[in-house]
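# Architecture and fold: a report
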Amino acid sequence: MKAFIAKMTFHINQTGNDSQFDIQYRVIFGENAEDAARRTKEIGQLEEETIIGENGQMINWQFMTFEMLDLEELNSGYQFDSQTIEVSDPNLYISFLETKQGKKQMAHL
């Protein structure tokens, strides 16, 4: 089995609200790229659903599209995602990151 990263996009449509798009990165194993793509489509379709929110609004999750990255074809240091976060209190955010990292390090002891 080969490992791939699937970038999956879902459209979240809520009655009376702006549309949202959820981007998910998942590790997918397959015999080859075609098999991994088939598995990704199956997962995306299984995750589609319509639910009723707390205030009675319909929330519809619809699988839109995906991109595949073959891990064997990536070079060390390859950037497949980036995120810029704007905060009003950088010290609070830095404290949050340090606390989060500390918890991860303790979990590995």
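Located above this text is the structure these notes cover.
In this report, the structure presented in the accompanying data block is examined. Bear in mind the structure is a predicted one, so any value in this text is a computation, not a measurement.

As judged from the 11 bridges shared by strand β1 (residues 2–14) and strand β4 (residues 58–70), these two strands associate in the antiparallel manner. Note that in β4 the partner of Thr9 across the bridge is Thr65. Alignment of strand β3 (residues 49–52) against β4, held across 4 bridges, turns out to be antiparallel. Considered in β4, the bridge of Thr50 is made with Asn60.

Moving on to a nonpolar patch on the surface. There is a patch of nonpolar side chains on the surface, built from Ile23, Tyr25, Tyr78 and Phe80 and spanning about 360 Å² of accessible area. Looking at the element boundaries, Ile23 is found in strand β2 (residues 20–30). The class of Ile23 is partly exposed, set by a relative accessible area of 41%.

Attention now moves to helix α1 (residues 33–47). What sets the pattern is the α-helix's 3.6 residues per turn: residues three or four places apart point alike. With 15 residues, α1 extends 21 Å between its outermost C-alpha atoms, agreeing within 8% with the 21 Å of an ideal straight helix rising 1.5 Å per residue. Those residues of α1 lying buried are Asp35, Ala36, Ala37, Thr40 and Gly44. Looking at the packing, one finds that the buried side of α1 touches β1, β2 and β4. Of the residues that open α1, the one with a side-chain oxygen 3.1 Å from the backbone nitrogen of Glu34 is Asn32.

Residues Phe4, Ala6, Met8, Phe10, Ile28, Ala36 and Phe63 constitute the largest nonpolar core, which totals 7 residues. Sorting elements by how many residues they give to this core places β1 first, with 4 residues. Other than its neighbours up to four places away in sequence, Phe10 contacts Gln20, Phe21, Asp22, Gln24, Gly44, Glu47, Trp61, Gln62, Phe63 and Met64.

Scoring rules and cut-offs
- Residues numbered from 1 in each chain as written.
- Predicted model: local features only at pLDDT ≥ 70, side-chain atom pairs only at ≥ 80, totals over all residues.
- Heavy atoms only, no water.
- Pairing = 2+ DSSP bridges.
- Helix = DSSP H or I, 4+ residues; strand = E, 2+ residues; numbered from the N terminus.
- Patch = residues over 30% accessible without salt bridge, like charges linked within 9 Å, V, L, I, M, F, W, Y side chains within 5 Å.
- Areas by Shrake-Rupley, 256 points an atom, 1.4 Å probe, with all protein chains shown as cover.
- Salt bridge = Lys/Arg side-chain N within 4 Å of Asp/Glu carboxyl O.
- Buried < 20%, exposed > 50% of the residue type's maximum accessible area, 1.4 Å probe, protein only.
- Expected span 1.5 Å × (residues − 1).
- Contact = heavy atoms within 4.5 Å.
- Polar contact = N/O pair within 3.5 Å; in protein donor to acceptor, adjacent residues only side chain to side chain.
- Core = buried A, V, L, I, M, F, W, Y, C linked by side-chain atoms within 4.5 Å.

Functional significance is not addressed by these values, which are geometric in nature.
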